[in-house]
Amino acid sequence: MVITFLHIPLIFLSFVSSLEACPKCGSLDVPYPLSTNDNCGDPKYKIYCNNGSLEFLSAQGFFYKILSIDPRSYKIIIRPPSIQNPMCHSSDLSLGGLLLDDNSPFNISTRNTVMLFNCSDSILLSPLNCSSKSVCKVFEEKAVEGSGCRNTLCCSFLKDASITSHRIRVRMGGCTAYTSVVELRPDAPFDSWNYGIELQWAPPNRDFYFRGH
């Protein structure tokens, strides 16, 4: 009887997990609490499966393709918006860049090195790295997408805890384009850069599953 009792919680957890997991979308599994429909996951962690492509919807209504999911560390990586050449405009420029809802369980992690392009001179008053040695200069010179941004003022920064974790802003009259690299190591070769915007989510409180059962 003792052995049976010890195994009940494990069996129950496995059963609950199988009920809550959403169907696979394209090549990506959709682990709890992420939710692609009303019948699985937690609706607070809404993402979208559009024609076999898993996508994240920003607060302004812009879809970003999800590149990977790490359920153990509660993180997803989304694809940065494309940069339109020769204007050097991010495809989400009209919406002001990436914005997450303040009440969302998602936030932008501190492992993103963000590069801003085609910036106005006012950005030089900020603490961002706008020097000739900034990694944004490497992107301009070596990336096809960066070619339209060459010879413009660009800056880079690590998205740390002192900066808002709910937006990456671009605008006319400020900086008009951006990209991001996850966990950029000093002196890492350009062809090894992991392009993406890493988001992390706060895990849900699952205590309610065990009340009254």
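Every residue gets a number counted from 1 within its own chain, in the order that chain's sequence is written. Given that this is a predicted model, residues contribute local features only at a pLDDT of at least 70 and side-chain atom pairs are listed and counted only at 80 or more, while totals for whole chains, interfaces and linings are drawn from all residues. The basis for the side-chain values is all heavy atoms of the structure; hydrogens and waters are excluded.

This part covers the sheet that holds strand S11 (residues 112–117). Strands sit in the order S12-S11-S14 across an open sheet of three strands; the sheet is antiparallel. In the strand order of this sheet, the two ends are held by strand S12 (155–158) and strand S14 (177–182), each with one partner. Shown here is a sheet whose adjacent strand axes are inclined to one another by a mean of 20 degrees, direction ignored. In this sheet, S14 lies alongside S11 in antiparallel orientation, the contact comprising six bridges. Bridged to Met115 within S14 is Thr179. A pair of strands is considered paired only if DSSP assigns at least 2 bridges between the two. Labels follow the DSSP assignment, with helices taken as runs of H or I lasting at least four residues and strands as runs of E lasting at least two, numbered in each case from the N terminus. Think of each axis as a best-fit line through the C-alpha atoms, taken over the contacting stretch in the case of a helix, with angles from 0 to 180 degrees between the N-to-C directions.

It is worth spelling out the pattern of salt bridges at this point. Salt bridges are counted wherever a side-chain nitrogen of Lys or Arg sits within 4 Å of a carboxyl oxygen of Asp or Glu. Summed over the entire model, instances satisfying the criterion amount to four salt bridges. The partner of Glu198 in a salt bridge is Arg111, with the nearest N and O atoms 2.5 Å apart. Of the two residues, Glu198 sits in strand S15 (residues 197–201) while Arg111 sits in the loop between strand S10 (106–108) and S11, which places them 87 residues apart along the sequence. Each residue is placed in one exposure class: buried if its accessible area under a 1.4 Å probe, protein chains only, is under 20% of its type's maximum, exposed if it is over 50%, and partly exposed if it falls in between. Here Arg111 falls in the partly exposed class, since its relative accessible area comes to 28%. One salt-bridge network, held together by shared partners, links Lys75, Arg111, Glu183 and Glu198.

The aromatic pairing rule takes the rings of Phe, Tyr and Trp, using the six-membered ring of Trp, and pairs them if the centres are within 6.5 Å, calling planes under 30 degrees apart stacked, those over 60 edge-to-face and the rest tilted. Across all of its chains, the model carries 10 aromatic pairs by this definition. Ring geometry for Tyr45 versus Phe106: centroids 6.0 Å apart, planes at 70 degrees, classification edge-to-face. Linking Tyr45 in the loop between strand S2 (28–30) and strand S3 (48–50) with Phe106 in strand S10, this pair joins segments that are 61 residues apart in sequence. Owing to a relative accessible area of 4%, Tyr45 belongs among the buried residues under this scheme. Taking the relative accessible area as the measure of exposure, Phe106 reaches 1% and is therefore buried. Taking the centre distance of 5.2 Å and the plane angle of 35 degrees together, the rings of Phe117 and Phe139 count as tilted. A residue pair is termed long-range when its members are at least 10 positions apart, and Phe117 in strand S11 and Phe139 in helix H2 (residues 135–142) qualify at 22 residues. Comparing Phe117 with Phe139, the two get one shared label, buried. Three or more aromatic residues joined by ring pairs form one cluster here, namely Tyr45, Phe56, Tyr74, Phe106 and Trp201.

Remark on secondary structure: sheet strands pair via backbone hydrogen bonds, oriented parallel or antiparallel. Spatial strand order, S3-S4-S5-S6-S15-S10: six strands in an open sheet with antiparallel pairing. Each edge of the open sheet carries a strand with a single partner, namely S3 and S10. Neighbour-to-neighbour, the strand axes of the sheet open up by a mean angle of 45 degrees, direction not taken into account. Two strands pair when backbone bridges link them, and S3 and strand S4 (residues 53–57) are joined in this way by three bridges, in the antiparallel orientation. Paired with Tyr48 across the two strands is Glu55, which belongs to S4.

The predicted structure's coordinates, where accompanied by low pLDDT, should not be read in detail. Confidence of the predictor in every single residue is expressed as pLDDT, which spans 0 to 100. Mean pLDDT over the protein works out to 88, with 85% of the residues at or above the 70 mark. By definition, residues are in contact when any of their heavy atoms lie within 4.5 Å. Within the model, pLDDT remains below 50 along residues 1–19, and this stretch shows six contacts once partners closer than five positions in the same chain are excluded. Note that residues 207–213 has pLDDT below 50 and, in this model, seven contacts with residues that lie over four places away or in other chains.

Side chains that are three or four residues apart share a direction in an α-helix, a result of its 3.6 residues per turn. Of all the residues in H2, the buried ones are Cys136, Phe139 and Glu140. Summarising the axial view, the buried residues of H2 lie within an arc of 100 degrees, below the 170-degree limit, and thus occupy one face. Packing partners of the buried residues in H2 comprise strand S7 (83–84), S11, S12 and S14. For this quantity, the arc is that covered by the directions from the helix axis to the C-beta atoms.

Moving on: unusual backbone geometry. Working note: non-glycine residues mostly have negative phi, and peptide bonds are mostly trans. Omega for the bond connecting Tyr32 with Pro33 falls within 30 degrees of zero, at 10 degrees, which places this linkage in the cis form. Tracing the backbone shows Pro33 in the loop between S2 and S3. In the segment running from Asn85 into Pro86, the intervening peptide bond is cis, with an omega of 5 degrees. The residue Pro86 is located in the loop between S7 and strand S8 (89–90) in this model. The phi torsion at Cys88 lies on the positive side, around 60 degrees, for a residue other than glycine. Residue position: Cys88 is located in the loop between S7 and S8. Take Cys88: its relative accessible area is 1%, and that puts it in the buried class. For Glu183, which is not a glycine, the phi torsion comes out positive at approximately 50 degrees. Tracing the backbone shows Glu183 in the loop between S14 and S15.

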